[in-house]
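Chain by chain, the residues run as shown.
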Amino acid sequence: MSQFADDVLQENLASVRQRVEQAAVKSGRQACDVRLIGVTKYIDAQATRQLVQAGCHCLGESRPQVLWEKGEKLQDLDVEWHMIGPLQRNKIRKTLLFTHYLHSCDSLKLLHAIDAVAAETQRQVKCLLQVNISGEAAKQGFRPEEVAPALPVIREMRSVQLVGLMGMGSLAGDLDTRRHEFRQLRQLLEACQGSVGDNLQLTELSMGMSSDFEVAIEEGATMVRVGSVLFDRLR
Ligand SMILES: *Cc1c(COP(=O)(O)O)cnc(C)c1O
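Summary of the structure given here. Model, not experiment: these values are computed from the prediction.

## Considering the pattern of salt bridges
No. 1: What the rule picks out here adds up to 15 salt bridges.
No. 2: Of the charged contacts, one joins Asp 212 and Arg 178 as a salt bridge, the two residues approaching to 2.9 Å between their closest N and O atoms. With Asp 212 in the loop between strand E7 (204–206) and helix H8 (213–218) and Arg 178 in helix H7 (residues 175–196), this pair connects stretches of sequence that are 34 residues apart. Each member of the pair, Asp 212 as well as Arg 178, carries the same accessibility label: buried.
No. 3: In this structure, Arg 179 engages Glu 218 in a salt bridge whose closest nitrogen and oxygen atoms are separated by 2.9 Å. Taken as a pair, Arg 179 in helix H7 and Glu 218 in helix H8 lie far apart in primary sequence, 39 residues in all.
No. 4: On the basis of relative accessible area, Arg 179 is assigned to the partly exposed category, the value being 23%.
No. 5: Connected through shared salt-bridge partners, Lys 26, Arg 179, Arg 183, Arg 186, Glu 190, Glu 218 and Glu 219 make up one network.

Rules and cut-offs
Residues numbered from 1 in each chain as written. Predicted model: local features only at pLDDT ≥ 70, side-chain atom pairs only at ≥ 80, totals over all residues. Heavy atoms only, no water. Salt bridge = Lys/Arg side-chain N within 4 Å of Asp/Glu carboxyl O. Helix = DSSP H or I, 4+ residues; strand = E, 2+ residues; numbered from the N terminus. Buried < 20%, exposed > 50% of the residue type's maximum accessible area, 1.4 Å probe, protein only.

By themselves, these are just geometric observations and shouldn't be taken as functional.
Quick look at the structure:
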């Protein structure tokens with residue numbers, strides 16, 4: 001997909017924002033408490049530009065090379081980039097040039113490598129730990145019970161700024177199953193907040209996609225990663 005009808009794109013975005021707001025209100029919060037991350041892995045750089053111009057300034061990409069390409073092509077726009085897919089260690093350096101949040105930190109090994117690369121440029125990188133909440137074998141991430149033991153190690157890293165947790169509901173599961181998984185991730189975050197002390201601000205919960213973002217928000221998501229519903233009826 002490379003060119004959209006602007007009015008349909010704007011309608012889709014408005015409709016998703018409205019659904020985000022309703023779910024936020026249902027959980028006693030406001031729309032501004034939830035970041036809508038538009039996942040652009042389905043569309044090219046030109047269509048991505050249209051999405052930003054329609055008002056979606058937080059974007060997520062799952063492949064490093066695509067993020068680099070779009071990061072370069074959209075440099076003139078105000079975009080906050082979120083890396084949401086697997087990151088190989090040899091791609092860290094370039095990815096850090098463009099990325100504001102790394103959601104897919106799935107091992108301590110990767111975090112150590114990120115810390116080392118970021119330290120060279122003396123910058124802090126906002127990272128979320130990806131947690132395998134569905135228990136599906138194919139999903140990457142920390143097992144829930146591995147998260148608490150990892151925190152003291154991460155706290156020693158000088159350039160990794162851990163800001164929260166990320167998870168995906170089970171693809172095979174129904175909405176009740178996913179709600180349960182999202183709730184467990186929130187409870188895990190709360191348990192971590194209680195145990196890390198003041199110098200780690202764990203505030204972000206990245207969970208919810210097109211098919212379940214409202215349930216995720218009701219369970220406390222602060223970031224939702226939404227792709228396909230934004231691009232319905234377009235082309
Ligand atoms: C593709 C993707 C999304 C968005 O999924 P949709 O169902 O298209 O909304 C969210 N998170 C991750 C990690 C993804 O890879």
